[in-house]
Amino acid sequence: KAEAAGVFETRLQNLTITLSKVRYCLSSAGPSNAAPSPLRLLNGPSEVAAKIWTNTDSLVRNLLGSLRIHMTSMKTAGKLAKLEAEVKRLDKEIKYSCSLKDQDWTPGRVDMLEPMT
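Residues numbered from 1 in each chain as written. Predicted model: local features only at pLDDT ≥ 70, side-chain atom pairs only at ≥ 80, totals over all residues. Heavy atoms only, no water.

### Some words on the overall build of the protein
Along the protein, the regular secondary structure elements total 4 helices and 0 strands. Beginning at the N terminus, the succession of helices and strands in the protein can be written as α-α-α-α. The burial tally for the protein puts 13% of its 117 residues in the buried class. Partitioning the contacts of the protein with sequence separation of at least 6, the portion at a separation of at least 24 is 48%. Accessible surface computed for the protein: about 10000 Å², of which carbon and sulfur atoms make up 63%. (Helix = DSSP H or I, 4+ residues; strand = E, 2+ residues; numbered from the N terminus. Buried < 20%, exposed > 50% of the residue type's maximum accessible area, 1.4 Å probe, protein only. Contact = heavy atoms within 4.5 Å. Areas by Shrake-Rupley, 256 points an atom, 1.4 Å probe, with all protein chains shown as cover.)

Next comes the structure, spelled out in structure tokens:
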């Protein structure tokens, strides 16, 4: 038990030192407007769709690239080809839908991509 308590105390001390170093780095970095914000709002439904779906470096494209590495057998290659064809088909629909929604989009409005009921 004494050894476990010692390990706990050491880890707690290391965490405290690390947080102190982070606080020092953040406080000595200068004014907060010196560096650009790491996050920003996306400009409308088209940009959201591009990041998730339609760009070559989008989430869906990266997922397909990862699947391509693992789906090398003849059985899975056919399924992957069907999936890629479906993604291409959906690209056109998404781009068209977003172009319509971009016309009605206003900054700060988050309900634009919600399904209409």
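Back to the text.
### Thoughts on the nonpolar core
In summary, soluble globular proteins display a tendency toward joint burial of nonpolar side chains. Formed by Trp-53, Val-60, Leu-64, Leu-80 and Val-87, the largest nonpolar core amounts to 5 residues. Breaking this core down by element, the ones donating at least two residues are α3 (59–70) and α4 (74–104). (Core = buried A, V, L, I, M, F, W, Y, C linked by side-chain atoms within 4.5 Å.)

### Some points on the confidence of the model for the protein
In low-pLDDT regions, the fine details of the predicted coordinates are not to be read closely. Here the protein averages 77 in pLDDT, while 76% of its residues score no lower than 70. Scored below 50 in pLDDT, residues 111–117 shows 7 contacts in the model against residues more than four places distant or in partner chains. (pLDDT = per-residue confidence, 0-100.)

### Observations regarding the side chain of Glu-47
With respect to the element layout, Glu-47 can be found in helix α2 (residues 45–54). Classification of Glu-47 by relative accessible area gives buried; the value is 18%. Discounting chain neighbours no more than four positions away, the residues touching Glu-47 are Arg-40 and Leu-42.

### Things to note about the environment of Ala-77
Here Ala-77 is to be found in helix α4. Exposure remark for Ala-77: the relative accessible area of 34% places this residue in the partly exposed category.

### Here's the deal with the pattern of salt bridges
Here the structure, examined in full by the defined rule, presents 4 salt bridges. Taking the shortest distance from any N to any O, the salt bridge between Arg-61 and Asp-91 comes out at 2.1 Å. Here Arg-61, found in helix α3, pairs with Asp-91, found in helix α4; they are 30 residues apart in sequence, far enough to count as distant. Look at Arg-61 and you get partly exposed, because its relative accessible area is 22%. Between Arg-89 and Glu-86 there is a salt bridge whose closest N-O contact spans 2.5 Å. Taken as a pair, Arg-89 and Glu-86 lie in helix α4 at a separation of 3 residues, close to a single helical turn. Taken together, the salt bridges that share partners define one network made up of Glu-86, Arg-89 and Glu-93. (Salt bridge = Lys/Arg side-chain N within 4 Å of Asp/Glu carboxyl O.)

### As for the packing of α2 against α3
At a minimum axis separation of 4 Å, α2 and α3 run at an interaxial angle of 0°. With respect to α3, the element α2 is oriented roughly parallel. Seen from α2, the contacting residues are Lys-51, Ile-52, Trp-53 and Thr-54; seen from α3, they are Leu-59, Val-60 and Arg-61. The residue makeup of the contact of α2 with α3, split by class, is 4 nonpolar, 1 polar and 2 charged. (Axes fitted to C-alpha atoms, helices over the stretch in contact; angles between N-to-C directions. Parallel < 35°, antiparallel > 145°, perpendicular 65-115°, else oblique. Nonpolar A, V, L, I, M, F, W, Y, C, P; charged D, E, K, R; others polar.)

### A short note on a nonpolar patch on the surface
Together, Phe-8, Leu-12, Leu-15 and Leu-19 line one region of the surface with nonpolar side chains, adding up to about 410 Å² of accessible area. Tracing the chain through its elements places Leu-15 in helix α1 (residues 2–27). (Patch = residues over 30% accessible without salt bridge, like charges linked within 9 Å, V, L, I, M, F, W, Y side chains within 5 Å.)

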